Amino acid sequence: MKKNLFALLAGIAFGFGLAISQMINQKKVIGFLDLFGNWDPSLALVMGGAVGVTALLFRFVLRRPNPIFEDKFYIPEKNNIDAPLFIGSALFGIGWGLAGFCPGPVFASLSIGRIEPVLFILALVAGSLAAKYLVPAKYTR
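About the criteria used
Residues numbered from 1 in each chain as written. Predicted model: local features only at pLDDT ≥ 70, side-chain atom pairs only at ≥ 80, totals over all residues. Heavy atoms only, no water. Helix = DSSP H or I, 4+ residues; strand = E, 2+ residues; numbered from the N terminus. Buried < 20%, exposed > 50% of the residue type's maximum accessible area, 1.4 Å probe, protein only. Polar contact = N/O pair within 3.5 Å; in protein donor to acceptor, adjacent residues only side chain to side chain. Contact = heavy atoms within 4.5 Å. Core = buried A, V, L, I, M, F, W, Y, C linked by side-chain atoms within 4.5 Å. Phe/Tyr/Trp six-rings, centres within 6.5 Å; stacked < 30°, edge-to-face > 60°. Expected span 1.5 Å × (residues − 1). Arc of directions from axis to C-beta. Patch = residues over 30% accessible without salt bridge, like charges linked within 9 Å, V, L, I, M, F, W, Y side chains within 5 Å. Areas by Shrake-Rupley, 256 points an atom, 1.4 Å probe, with all protein chains shown as cover. Salt bridge = Lys/Arg side-chain N within 4 Å of Asp/Glu carboxyl O.

Further remarks concern the side chain of Gln-26. Looking at the element boundaries, Gln-26 is found in helix α2 (residues 26-33). Among the residues examined, Gln-26 registers a relative accessible area of 19% and is labelled buried.

Shown next, in the form of structure tokens:
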């Protein structure tokens, strides 16, 4: 129960952070990604802050023998850049640039009561199901 409560609190804090930083604002995100048009660099501070905090604190967290609410850390075993990673990253970036959403912020943006986040989530689910059934298993593990 404690694990779920802390997960809920972390999710709420994450959602508030996304809302305060305007990461749920499609126009703001697309403006940030529009490098050769009307570029809005303000989200670089949000991303830089997140990367900076992670870079500093990740080392301390991994010094622990295990996470607080798990038996072990789940760290990716693959560390090479291959075609599936490159293609998946490109598709993610293209989707983010076209829609102005990525998976974390889109769920937080459901709170604004617009249809666009719902449509994005439906497309996200459809794409995930398509990958599950169309992409060979050796590329999904």
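Having seen the model, we can carry on.
Here the focus is unusual backbone geometry. Residues other than glycine seldom take positive phi values, yet Gln-22 does so here, at roughly 70 degrees. For Gln-22, the position within the fold is in the loop between α1 (2-20) and α2. For Gln-22, a relative accessible area of 32% corresponds to the partly exposed category.

In this section: the side chain of Ser-21. Within the secondary structure, Ser-21 is located in the loop between α1 and α2. Its relative accessible area of 16% is what places Ser-21 among the buried residues. In terms of polar contacts, Ser-21 uses its side chain to reach the backbone carbonyl oxygen of Leu-18, at 3.2 Å. Not counting residues within four places of it along the chain, the set of residues in contact with Ser-21 comprises Leu-43 and Val-46.

Counting residues in each nonpolar core, the largest one holds nine residues, listed as Leu-18, Met-23, Ile-24, Val-29, Phe-32, Leu-43, Trp-96, Cys-102 and Ala-108. Ignoring anything within four residues of it in the chain, the contact list for Cys-102 reads Phe-92, Trp-96 and Phe-120.

Under the definition given, this model contains two aromatic pairs. Judged by centre distance (5.7 Å) and plane angle (55 degrees), the rings of Phe-101 and Phe-120 are tilted. Taken together, the residues span a long stretch of sequence, with Phe-101 in the loop between α4 (83-99) and α5 (103-108) and Phe-120 in helix α6 (residues 115-134) at a distance of 19 residues. Residue Phe-101 is classed as buried on the basis of its relative accessible area of 2%.

A few words on α6. An α-helix turns once every 3.6 residues. As a result, residues three or four positions apart point the same way. Under the 1.5 Å per step criterion, the end-to-end length of α6 is 28 Å for 20 residues, consistent within 8% with the ideal 28 Å. Within α6, the full set of buried residues consists of Pro-117, Phe-120 and Ile-121. Projected onto a plane normal to the axis of α6, the buried residues spread over an arc of 100 degrees and lie on a single side. Summarising the geometry of α6, the exposed residues directed more than 90 degrees from the buried face are Ile-115, Leu-122, Tyr-133 and Leu-134. Those residues of α6 that are buried lie in contact with α4 and α5.

The next thing to look at is a nonpolar patch on the surface. Together, Leu-5, Phe-6, Leu-8, Leu-9, Ile-12, Phe-16, Ile-20, Ile-68 and Phe-69 give the surface a local cluster of nonpolar side chains, amounting to about 940 Å² of exposed area. With respect to the element layout, Ile-68 can be found in the loop between α3 (42-62) and α4.

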